Amino acid sequence: MAVVDRGASGQGSSLSEIVNDERYRSVFYQILVFAVVMWAGWYLFTNTAHNLEARGMSAGFGFLNSTAGFSISFSIIPYEAGDSYLWVYLVGITNTLLLSFISIIAATILGFFIGVLRLSKNWLVAQLASWYVEILRNTPLLLQILFWYLAVFAILPRPKQSFDVLGLGLFELNNRGFYFPAPVPGEFFGATMLTLLAAVIAAYAVAVWAKKRQNATGERFPAFWTGIGIIIGAPLLVFLATGSPLEWDIPELKGFNFQGGGSVPPAFCAVFIALVIYHACYIAEMVRAGILSVSHGQTEASYSLGLKPGLTLRLVIIPQAMRAIVPPLISNWMNVVKNSSLAIAVGFPDLVAVFMQTSLNQSGHAIEIVAMVMLFYMTVSLSISGALNYYNKLVQLKER
Amino acid sequence: MANLDASSSDVTFKPKPSLPPPPNTVGAIGWIRKNLFSSPLNAFLTILSLYVIWVLVSNVFEWAILNAVWEAETRRECLDKVGLAGACWAGVTHWMKNFIYGRYPDAEVWRINLGFGILILWMAPFWFPRVTGKIAIGASAILISPFLLGYLFAGGEKGLFLQLMISIAITAFIFSWLHVLVCLSSGSTLRNVIVSATGFAAKPDNVQKYPVIALFVVLAVVVFALQGGWQLEEQNTNLWGGLFVTLVISGIGIAVSLPAGIVLALGRRSKMPIIRVFCVAFIELFRSVPLITVLFMAVTMVPLFLPEAINPVKIVQAIIAVCIFSSAYMAETVRGGLQAIPKGQYEAAQALGLSYWKMMTLIVMPQALKLMIPNIVGSFIGLLKDTTLVSIVGLYDLLLMLKAVSQNPQWNGIHTEPLFFGAVLYFVLCFIMSKYSQHLERTLGAGQVRK
């Protein structure tokens, strides 16, 4: 209405001119929206300040240094009751990242596998894969997590009757969790790791050189197999030369439970399996759509150039399909990170469970804690979408 | 040679009838050979798949049907009969009422049934091809029906405003259905019938609407007077539960997120920088965090944000969170549809001198919404699945009800059966919706396909 008032002070004809001028209108609407948002923000802020005062609470991040008096059942960085809330935050982040990271890798592998099965020429295999996708995609993830946890992992036998996965006596599954051998690096193990790093760089260099040479002369070089050879061979040689400085700590049944080795709790296994098979459905659909998006003419053109089916797949189909697969794939990875927060339902201590639930209940600093948790997820998703935009620019069709 | 030439001149070439195709390339056998056993690898895969299917189906069949116990009073009874080899469906049938209505009192359950019945009837005209004015009916169903349904579900004291809104809702429902019946029987519209019955047909167009409005007002006043003494017993929201709560939360989420998503998407594509910044910030913030953090935010921060006098119940907090979250996602769906409209359409609308809102409502949105419908249904499926998360903040939706059975002393430890039942229920709901969206995609996209 401010615009109308300003116009009224001028002459009659200029009033309608100003009211109907799109530029003034747009300024007016923007001021209006800005004012409404600011007013709403101010209203919420004063209410919050009043409520905090009434409850005798103080705002601020000072509580992060005070000690958290609870224990956390699983952490990959050392934690004990009495560490600070800031450390709890870091424990939560590392747990979330660990769970999401291995879920993403497994879901991607399974998803590609099922996506290829869905395109199989074998009718039965394609149907089986498509029903896998339909059934798992149309049931809520949380229900699946609870199912795996309550109906599978919670009724596993006690440690004494552990289920021996693979039958090697190395991997044990029982109602306390999943136990696996943990590597114990010896004195010179660092040398092997350094060699591995050097080998990866060398393999990459060989690949670049091979491509350059092929572009220049047309001669092909088995860069892939050479690279694999370098990456496996060189570290193995160093490893053996330094006297195999790596031992495995194998879990053993002592008393009522397994000792030694590494372990993850049943809740971790349940969330991991549910996340993998749920997200694999979506990835399978993306892979299928991506491969179908490459027109059949491409295959025919490549055959007519004399490329074999294997090379056609590797050099013609996959590079073009990846352009359609990668963007939704990466946003699906982001969903895995977000959905890993459902671990709270079965008591796995991820970021939301340890920080947004336990710490919030204990300290009562709702606003700060909610802001910190959201900040973490936003950082992850913004950095992933940044990487995605970069990739998109890289593989975009270069049109002339 | 000459002899041969002469004889061949009067014999026309008559090919033998072609042989039938080899029997193993046509019919069922041919199909099987081609699709299941075309190579040794495929044969192996077929046999492997058959084995997998056999193992799955036989085990599930044995557990769920062959060895199942359908009638028992406690889980112990089931365990004594079959142990863990068979499902204890008694645990599901015994709690079926709770799965659907929560702890709503048995004597009042008719209110929930009536409410959903009204809503279904209100939406039904969408599937009648001969009915006109579907947008008005749909808008009234989304905007006005919540007052009536909300009162049916919650009950209690109704103020003057609520009584007025309920009257309007009932009147609108009656009008909608009268209109539908007129459309179906005579192909005319309710408006035309009223206008000709009251003798306004000869009057100019802008006067013709008055008898319709008058009739609506009269009917609303009658309904208002009639329902003055009518009051339902109050049902506290913590008695609500089961599928009922799931549908209420996702229904409100759907009804709010679609218009809010359209507004946010338009704001994001707007040329006004301040509006665009706000919309982008809102969308990106809530799309980058998990729903569970938004729910926790609503549960812990909404009481802090509001004056002390207002203390919303938990279901309202959860609904706020679900609405915010799904609006942000819906905005991106709508944006995708808007981006698919060629720029020429915008330019043509502007060249005709249409204003922004006319351009959007008459030219862009009808085309964009049509493109978006499959994706919108997809978001609804996502929303229905996501409402299970409200169980984490302690609302007794379907999932938490399913989980709660095992805490009953008599049914202690019964997890698999209720969860299996819930999975089937969710699957059926979502699967129907997704098939329907594929059907829509085919029928709506028919005009787009170039032949």
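Since this is a predicted model, take the numbers as computed values, not measurements.

Participant: I'd like a rundown of the overall build of chain A, residues and numbers included.
Facilitator: In terms of helices and strands, chain A carries 13 helices and eight strands. Counting the 400 residues in chain A, one finds 38% classified as buried. For chain A, long-range pairs separated by at least 24 residues make up 65% of all intrachain contacts whose partners lie at least 6 apart in sequence. Of the roughly 22,200 Å² that chain A leaves accessible, carbon and sulfur atoms contribute 66%. Where the 23 positive side-chain charges of chain A centre and where its 20 negative ones centre are 12 Å apart.

Participant: Quick one: what's the story with the nonpolar core, residue by residue and with numbers?
Facilitator: Nonpolar side chains tend toward joint burial in soluble globular proteins. Counting 136 residues, the largest nonpolar core has Phe355(A), Phe99(B) and Leu295(B) as its most contacted members. Broken down by element, the residue count for this core peaks at eleven residues, all from helix 15 (residues 291-305) of chain B. What Leu295(B) contacts, discounting residues up to four positions off in sequence, is Ala318(B), Ala321(B), Leu389(B), Val390(B) and Val393(B). Listed in part, the 17 residues of the second largest apolar core include Ala265(B), Ile341(B), Ala349(B) and Met360(B).

Participant: So what about the environment of Leu389(B)? Which residues, and what values?
Facilitator: Residue and element names in this part refer to chain B. Within the fold, Leu 389 resides in the loop between helix 18 (356-386) and helix 19 (398-404). Looking at Leu 389, the relative accessible area reads 7%, which means it is buried. When the C-alpha atoms of Leu 389 and Leu 399 are compared, they prove to be 8.6 Å apart, with ten residues separating the residues in sequence.

Participant: Could you give an account of the domain arrangement of chain A, with specific residues and numbers?
Facilitator: Along its sequence, chain A is organised into domain 1 (2-54) and domain 2 (85-181 + 250-395). Between the C-alpha centres of domain 1 of chain A and domain 2 of chain A there is a distance of 48 Å.

Participant: Tell me about the state of the cysteines, and name the residues and values.
Facilitator: Scanning the model with the defined rule gives one disulfide over all chains in all. Each disulfide pairs two cysteine sulfurs, and for Cys78(B) the partner residue is Cys88(B), the sulfurs being separated by 2.0 Å. Across the S-S bond linking Cys78(B) and Cys88(B), the dihedral sits near 60 degrees, which makes this disulfide right-handed. Linking Cys78(B) in helix 4 (residues 75-82) with Cys88(B) in the loop between helix 4 and helix 5 (90-93), this pair joins segments that are ten residues apart in sequence. Considered together, Cys78(B) and Cys88(B) belong to a single accessibility category, that of buried residues. No disulfide involves Cys269(A); its nearest neighbouring cysteine sulfur is the one of Cys281(A), lying 20 Å away. Judged by relative accessible area, which is 9%, Cys269(A) ranks as buried.

Participant: Residue-level account of the pattern of salt bridges, with values.
Facilitator: One pass over the structure, following the stated rule, counts twelve salt bridges over all chains. Two residues, Glu134(A) and Arg137(A), come together in a salt bridge whose shortest N-O distance is 3.9 Å. Residue Glu134(A) and its partner Arg137(A) are both found in helix 5 (residues 123-137); the two are separated by three residues, about one turn of the helix. For the residue pair Glu134(A) and Arg137(A), the accessibility class agrees, reading buried in each case. In this structure, Glu332(B) engages Arg268(B) in a salt bridge whose closest nitrogen and oxygen atoms are separated by 2.9 Å. Taken as a pair, Glu332(B) in helix 16 (residues 314-339) and Arg268(B) in helix 13 (residues 242-268) lie far apart in primary sequence, 64 residues in all. For the pair Glu332(B) and Arg268(B), one class covers both residues: buried. Among the charged side chains, a network of salt bridges with common partners joins Arg118(A), Glu134(A), Arg137(A), Glu285(A), Arg288(A) and Lys435(B).

Conventions used here
Residues numbered from 1 in each chain as written. Chains lettered and ligands numbered in written order. Predicted model: local features only at pLDDT ≥ 70, side-chain atom pairs only at ≥ 80, totals over all residues. Heavy atoms only, no water. Helix = DSSP H or I, 4+ residues; strand = E, 2+ residues; numbered from the N terminus. Buried < 20%, exposed > 50% of the residue type's maximum accessible area, 1.4 Å probe, protein only. Contact = heavy atoms within 4.5 Å. Areas by Shrake-Rupley, 256 points an atom, 1.4 Å probe, with all protein chains shown as cover. Lys, Arg positive; Asp, Glu negative; His and termini not counted. Charge placed at Lys NZ, Arg CZ, Asp CG, Glu CD. Core = buried A, V, L, I, M, F, W, Y, C linked by side-chain atoms within 4.5 Å. Domains from an automatic or database assignment. Disulfide = S-S within 2.5 Å. Salt bridge = Lys/Arg side-chain N within 4 Å of Asp/Glu carboxyl O.

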